[in-house]
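What follows is each chain in one-letter form.
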Amino acid sequence: MTQGICRLCKKSQDLKLSHFIPKFVGKWVKDTSATGYIRFNQSIDKRAQDIVKEYWLCECCEQLFSSWEHEFARKVFYPFMDKGESRARYDVWLSKFCASLTWRTLTYVRSLHVEKSDDVSRSLDAAENTLAGYLLGESTVLGKYEQHLFPLESIAETNVRGAPPNLNRYFLRTMQMDLLESESGSIIYTKLPGFLLLGLTGHKESNSMRSSRVTMGEGMLSPRSYRWPTGLAEYMFEKSRQITATYSSMSQAQKDKITKTILDNPDRFRSSRTYEAFKHDLDMFGNKAFSKKDEV
Ligand SMILES: [Zn+2]
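Bear in mind the structure is a predicted one, so any value in this text is a computation, not a measurement.

S.K.: Can you help me understand the sheet that holds strand β5 (residues 147-151) in this one?
M.R.: Backbone-to-backbone hydrogen bonds pair the strands of a sheet. The strands run either parallel or antiparallel. In space, the 4 strands of this open sheet follow the order β5-β8-β7-β6, with antiparallel pairing throughout. With one partner strand each, in any of the chains shown, β5 and β6 (176-180) form the two edges of the open sheet. Strand-to-strand, the axes of this sheet are offset by a mean angle of 15 degrees, without reference to chain direction. Pairing of β5 with strand β8 (residues 195-200) involves 5 bridges; the strand directions are antiparallel. Bridge pairing in β8 places P151 opposite F195. In the packing of helix α3 (residues 92-111) onto the sheet, the strands contacted are β5, β6, β7 (187-192) and β8, and the crossing angle to β7 comes to about 110 degrees.

Shown next as structure tokens:
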């Protein structure tokens, strides 16, 4: 523990080491991987034991987040990812969970000092304040800071041109945080395995995206026709391609280590979700799915 200002409630407190992508998600990826490790694109030659964490929140705020996380894990994430369910009833905890994830991505990515124009910075400050007020229970509305949650299933075909041959692996396995800028507004982007969360900050296309919007109270997640904002598919394709490029740049020693881990325990590899996601890509793209070293 370390003393400091809690990023959410702004009180001087003992701070806890907080995960940005919830801990249960990182654990799930590790447990269902072919090797039992997670790799991050930034340090591809290192096996990460855990996902990114910082001294960010006080005990009280950490507890607040973990109660919503628990509901999401139990009622949505595990049933969808482990049992193949595609429907879930939810209550206000889903909106709170999504807002907390968006807040974490926003504050984390901004802490990396990514250059933004003054206008964008002001709009992100306003987003941060509104999200914080909502999370702390000071307000019950999010206004234009809508949360959009998209369950991502494996896909067998797409009518969008230029889909990369590791798209299923990106959908089903990747964790990622980013801030996207476009003419239509900033989007706070949080990718979990099997789910995509977009935090809008006022977006020109929000009216046509109603099917993915998380309501502030009771609602239902179910298979439906979703609409992504313009340019988002291309962004995801680009990210998938970058992952392939990063893996192909991995050192030979690391590649050998992976091969050895798999050969030492081939049953784990064959029953892993990494392999399952790879097979979906193989079905969809044929041998192109083999082109580069893959996530293991
Ligand atoms: Zn706090």
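Having seen the model, we can carry on.
S.K.: So what exactly am I meant to see when it comes to the sheet that holds strand β1 (residues 2-5) here?
M.R.: If you walk across this open sheet you meet the 3 strands as β1-β2-β3, and the pairing is antiparallel. Looking at the sheet topology across the chains shown, the edges are occupied by β1 and β3 (53-58). Neighbouring strand axes in the sheet, compared pairwise and without regard to direction, differ in orientation by 60 degrees on average. Relative to β3, strand β2 (residues 12-19) runs antiparallel, the two being bridged by 5 bridges. Residue pairing across strands places S18 opposite E54, the latter belonging to β3. Strands β2 and β3 of the sheet are contacted by helix α2 (residues 59-83), whose axis makes an angle of about 100 degrees with β3.

S.K.: Sorry if this is basic, but what is going on with the packing of α2 against α3 here?
M.R.: Helix packing for two helices is described by the angle between their axes and how far apart those axes are. Direction vectors running N to C along α2 and α3 enclose 115 degrees, while the axes themselves pass 9 Å from each other. The element α2 and its partner α3 pack so that their crossing is left-handed. Of the residues in α3, those in contact with F65, W68, E69, E71 and F72 of α2 are W93, L94, K96, F97 and S100.

S.K.: Is there a simple way to explain unusual backbone geometry in this structure?
M.R.: The general pattern is negative phi for most residues beyond glycine and trans for most peptide bonds. One non-glycine residue, K10, adopts positive backbone phi at about 65 degrees. Examined against the element boundaries, K10 turns out to sit in the loop between β1 and β2.

S.K.: Got a minute to help me understand the environment of K288 in this structure?
M.R.: Within the fold, K288 resides in the segment after α9 (273-285). C-beta crowding within 10 Å serves as the criterion here: with 12 such atoms nearby, K288 is assigned to the exposed category. Along the chain, K288 and P164 lie 124 residues apart, while their C-alpha atoms are 9.0 Å from each other.

S.K.: Sorry if this is basic, but what is going on with the nonpolar core here?
M.R.: Soluble, globular proteins show a tendency: their nonpolar side chains are buried together. By size, the foremost hydrophobic cluster in this structure holds 62 residues, and its most contacted members are L57, F72, C98, A99, L131, L135 and L197. Here the element with the most residues in this core is α2; it accounts for 9 residues. The contact partners of C98, leaving out residues within four places of it in the chain, are Q147, L149, L197 and V214.

Reading guide: rules and limits
- Residues numbered from 1 in each chain as written.
- Predicted model: local features only at pLDDT ≥ 70, side-chain atom pairs only at ≥ 80, totals over all residues.
- Pairing = 2+ DSSP bridges.
- Helix = DSSP H or I, 4+ residues; strand = E, 2+ residues; numbered from the N terminus.
- Axes fitted to C-alpha atoms, helices over the stretch in contact; angles between N-to-C directions.
- Contact = placed C-beta atoms within 7 Å.
- Left-handed = near helix turned anticlockwise from the far one by under 90°.
- Buried ≥ 20, exposed ≤ 12 C-beta atoms within 10 Å, placed from the backbone.
- Core = buried A, V, L, I, M, F, W, Y, C linked by C-beta atoms within 7 Å.

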